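Examining the three-dimensional arrangement
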Amino acid sequence: MSINKVMVIGAGQMGAGIAQVFAQAGLHVKLNDREQEALDKGQAGIEKRLERAVEKGRMTDVKREEMLEHLTFTTDLQEASDCDLVIEAVVESMKVKIDVFQQLDEITPPHAILATNTSSLPITEIAAATKRPDQVIGMHFMNPVPVMKLVEIIRAIQTSDDTYASVREMAEKLQKTPVEVEDFPGFVSNRILMPMINEAIYTVHEGVASPEDVDAVMKLGMNHPMGPLTLADFIGLDTCLYIMEVLHEGFGDSKYRPCPLLRKYVKAGWLGKKSGRGFYIYE
C-alpha cells in the first residue's frame, strides 16, 4: 500500500519527533493534539531542532523550509479522514489509547493503517478494540526520534503480512532500522532495559553505591554512553515505574518487581529531568 499522508497523534516529545522524521522523508504529515498549548510547544520544538541543524551545517535553509511545508498542525482529529497511516503517541494508558483507536476506526479511510508508539502495552488488545485488527501494528520509535535509528515493529496476533510489509518499508524510507518483534510485554527494548534500570535503583536503595558511582561503573566499565540512572531521569521515573508494572503484571515474575525506591521517588513527584529532580537535581 502506498503511504503518502500521515497523522501523528500527541505533540509531546515523542510525537513531535515522529512528525519531524516523516516530514524529513518528504511525506505530508499532520501533527495532532487535543490541547493547543501542547501543539504549540511541539511545533516550537520541531522548529528549534531544525534551526539548530541549519546552524550546524547539517541542513540548508531550503531543506528546512521544504520540511516545514510538509507539516501541518491541528487539534481536530477529524483531519485524519484522508490519511493512509496514523501513529498514536499519547499517554501510556490502555483506556486512553483504545478510545483514540476507536475514534480513528470511524474517521480514517478503510485502507488506513493504525499504528501505536506504545513502549510496553499489548498491541493485540488495542487491535481487538477496532474493526480492522489486521491493520493495527506497533511502531515503537526511540527517543530522541530524529537521532535514534531503531524502530521496533510489533505485530499483534491479528496483524496482516501486508500491514507489516507496508510499515517496514515506511520505516526504511524514514532511514530507520526496523526490527520485527512479537507482541510480548515490554517488547525487546524495555524488557531488557527497564530491569537493568530497576536493578541499578535497587543498588542505590540497598546502599551498595551512590547514583554517580553506579552510572560511572556502567559508563566506564561497560562502555554505556549514559549511566542507567541518568537515563532513567531522562526517560521519566514515572514512565520507568509504569513499564516495570506492565512487565510484572504481564509475566507474573518477581524479577520484574519495581524497586520500592522507584515508587517512593514517583510518589514524591521526583520524576527526573522533566520535574527538576530525580536521581539527580536539574536546574
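Criteria and thresholds
Residues numbered from 1 in each chain as written. Predicted model: local features only at pLDDT ≥ 70, side-chain atom pairs only at ≥ 80, totals over all residues. Heavy atoms only, no water. UniProt positions renumbered as here; feature names shortened; annotations may be inferred. Helix = DSSP H or I, 4+ residues; strand = E, 2+ residues; numbered from the N terminus. Salt bridge = Lys/Arg side-chain N within 4 Å of Asp/Glu carboxyl O. Buried < 20%, exposed > 50% of the residue type's maximum accessible area, 1.4 Å probe, protein only. Right-handed = clockwise from strand over helix to strand, strands pointing away. Pairing = 2+ DSSP bridges. Phe/Tyr/Trp six-rings, centres within 6.5 Å; stacked < 30°, edge-to-face > 60°. Lys NZ or Arg CZ within 6 Å of the ring centre and 35° of its normal.

The next point concerns the UniProt feature "domain: 3-hydroxyacyl-CoA dehydrogenase C-terminal" (unreviewed entry) in the chain. When the UniProt feature table is mapped to this numbering, "domain: 3-hydroxyacyl-CoA dehydrogenase C-terminal" (unreviewed entry) covers residues 186–282. With 61% helix and 0% strand, the stretch residues 186–282 has end C-alpha atoms that lie 28 Å from each other.

This next bit is on the pattern of salt bridges. Between side chains of opposite charge, a pair can form when the charged atoms approach closely. The final tally for this structure, using the stated rule, is 14 salt bridges. Note that Arg-64 and Glu-51 form a salt bridge whose closest N and O atoms lie 2.1 Å from each other. Pair noted here: Arg-64 is in helix 3 (residues 61–69) and Glu-51 is in helix 2 (residues 36–55), with a separation of 13 residues, a long-range link. The exposure class of Glu-51 is partly exposed, given its relative accessible area of 32%. A salt bridge links Asp-105 to Arg-132; its shortest N-O distance comes to 2.8 Å. Pair noted here: Asp-105 is in helix 4 (residues 94–107) and Arg-132 is in the loop between helix 5 (123–128) and strand 6 (136–141), with a separation of 27 residues, a long-range link. Asp-105 sits in the buried class, given a relative accessible area of 10%.

Alternating positions in strand 5 (residues 113–116) separate into two faces, Ile-113 and Ala-115 on one and Leu-114 and Thr-116 on the other, with burial throughout. Between the parallel elements strand 4 (residues 85–88) and strand 5, the chain passes through helix 4 in a crossover that is right-handed. Across three bridges, strand 5 lies against strand 6 in parallel orientation. The residue bridging Thr-116 from the neighbouring strand is Gly-138, located in strand 6. Handedness of the β-α-β unit built from strand 5, helix 5 and strand 6 comes out right-handed.

Applying the stated criterion across every chain yields a total of three aromatic pairs. Relative to Trp-270, the ring of Tyr-265 lies with its centre 5.2 Å away and its plane at 75 degrees, an arrangement referred to as edge-to-face. According to the relative accessible area criterion, Tyr-265 is buried, its value standing at 15%. We classify Trp-270 as partly exposed; its relative accessible area is 28%. Summarising the aromatic geometry, the rings of Tyr-265 and Phe-279 are spaced 4.8 Å apart at their centres and angled 35 degrees between planes, so their arrangement reads as tilted. On the criterion of sequence distance, the pair formed by Tyr-265 in helix 11 (residues 260–267) and Phe-279 in the segment after helix 11 is long-range, its members being 14 residues apart. Across the pair, exposure class does not vary: Tyr-265 and Phe-279 are buried alike. What links up through ring pairs into an aromatic cluster is the set Tyr-265, Trp-270 and Phe-279. Geometry around Trp-270 places Arg-277 over its ring, the cationic atom sitting 3.7 Å from the centre.

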